[in-house]
Amino acid sequence: MKIALCNEVLRPMPFEEQCRMATQMGYDALEVAPFTLKDDPLEISDAEAKEHARIAHDHGLTISGLHWLLVAPDGLSIVSADAAQRERTVRVMERMVELCAVLGGRYLVHGSPKQRSVPEGSSAAEAWERARDCLAQAARRAEACQLVYCLEPLSPRETDFVNTVEDAVRMVTEIGSPALQTMIDCSAAGQAERVSVPELIERWVPTGHIAHIQVNDPNRRGPGQGEMRFGPILRSLLAMQRRGHYDGILAVEPFDYVPDGPGCAAYSIGYLRGILQEIESDG
């Protein structure tokens, strides 16, 4: 099982230092938030992206994918009643797909809760139709770039739009593109789903709709730093992997860094590797 670190955990270190530290800790990849590379990700040129990919490769890492896609520039929304605003947002989404391809990534995670929450004066149905149109356009670009664009279910504390895997699968099914899938974020699932994460994995991974897993605790800290037990989660995921249902990566994405970013990243990888070794020894 390959494990990536979401690189904002090591911000504001320079990217090369992030790579050096992630390698030393034992990570296989970085999952990159574009705003960590440049304040306005639209200003990242293909040449700069290739240089970041080279730096990661030189440190024995890959860039597995992108997340936090719409944090910057300001003023983006896939559910806005303003058609021009949605058009600008789609241009950013399409460019993030292209950027991911240049960086050598395989997937994009569309979280960005503030940029998809239902605006005042709009109904949930209206927001759904607007988001569907935006996501369909992003999916077409992802399909052309041979990538997977993942709509991330997030907890109600973050957004009122797509809170469960079932919600996301409904959107994925309506759009019907092989390049649009969903994923499981353990922290969000622990807050929003009616069933456990292992049950989510067993229910949804065999359908082919789950392209990615992010590991974190519902308390928003790293795996192992809260009450969620990740042994059953990893056992379920490895079982899906053996059956050929999952070939994705596991990404560590804490939000509350305890004791700090590097300390949280080091604890998380040690905790996960320990569980994986125990599972392997059990056969």
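Residues numbered from 1 in each chain as written. Predicted model: local features only at pLDDT ≥ 70, side-chain atom pairs only at ≥ 80, totals over all residues. Heavy atoms only, no water.

Draft legend 1. Focus on the nonpolar core. Residues Phe15, Leu108, Tyr149, Phe161, Ile184 and Ile213 are the most contacted members of the largest nonpolar core, which totals 84 residues. Broken down by element, the residue count for this core peaks at nine residues, all from helix α4 (residues 124-144). In this structure, Phe161 is in contact with Val79, Arg116, Val118, Ala127, Trp128, Ala131 and Met171, ignoring residues within four places of it in sequence. In terms of nonpolar packing, the next biggest core, distinct from the first, is built from nine residues, Ala29, Tyr107, Val109 and Ala251 among them. (Core = buried A, V, L, I, M, F, W, Y, C linked by side-chain atoms within 4.5 Å. Buried < 20%, exposed > 50% of the residue type's maximum accessible area, 1.4 Å probe, protein only. Helix = DSSP H or I, 4+ residues; strand = E, 2+ residues; numbered from the N terminus. Contact = heavy atoms within 4.5 Å.)

Draft legend 2. Spotlight on unusual backbone geometry. A cis amide bond, omega 15 degrees, links Arg11 with the succeeding residue Pro12. Following the sequence through the fold, Pro12 ends up in the loop between β1 (3-6) and α1 (15-25). Between Val258 and the following residue, Pro259, the backbone shows a cis peptide bond with an omega angle of 0 degrees. Among the structural elements, Pro259 can be located in the loop between β8 (250-252) and α9 (261-282). The backbone of Ser112 sits at a positive phi, close to 40 degrees, despite the residue not being glycine.

Draft legend 3. Summary view of the pairing of β1. Judged by which residues are buried, β1 turns out to be covered on both faces: Ile3 and Leu5 on one side and Ala4 and Cys6 on the other are all buried. Following the chain from β1 across α1 to the adjacent parallel strand β2 (residues 29-32), one finds a crossover that is right-handed. (Right-handed = clockwise from strand over helix to strand, strands pointing away.)

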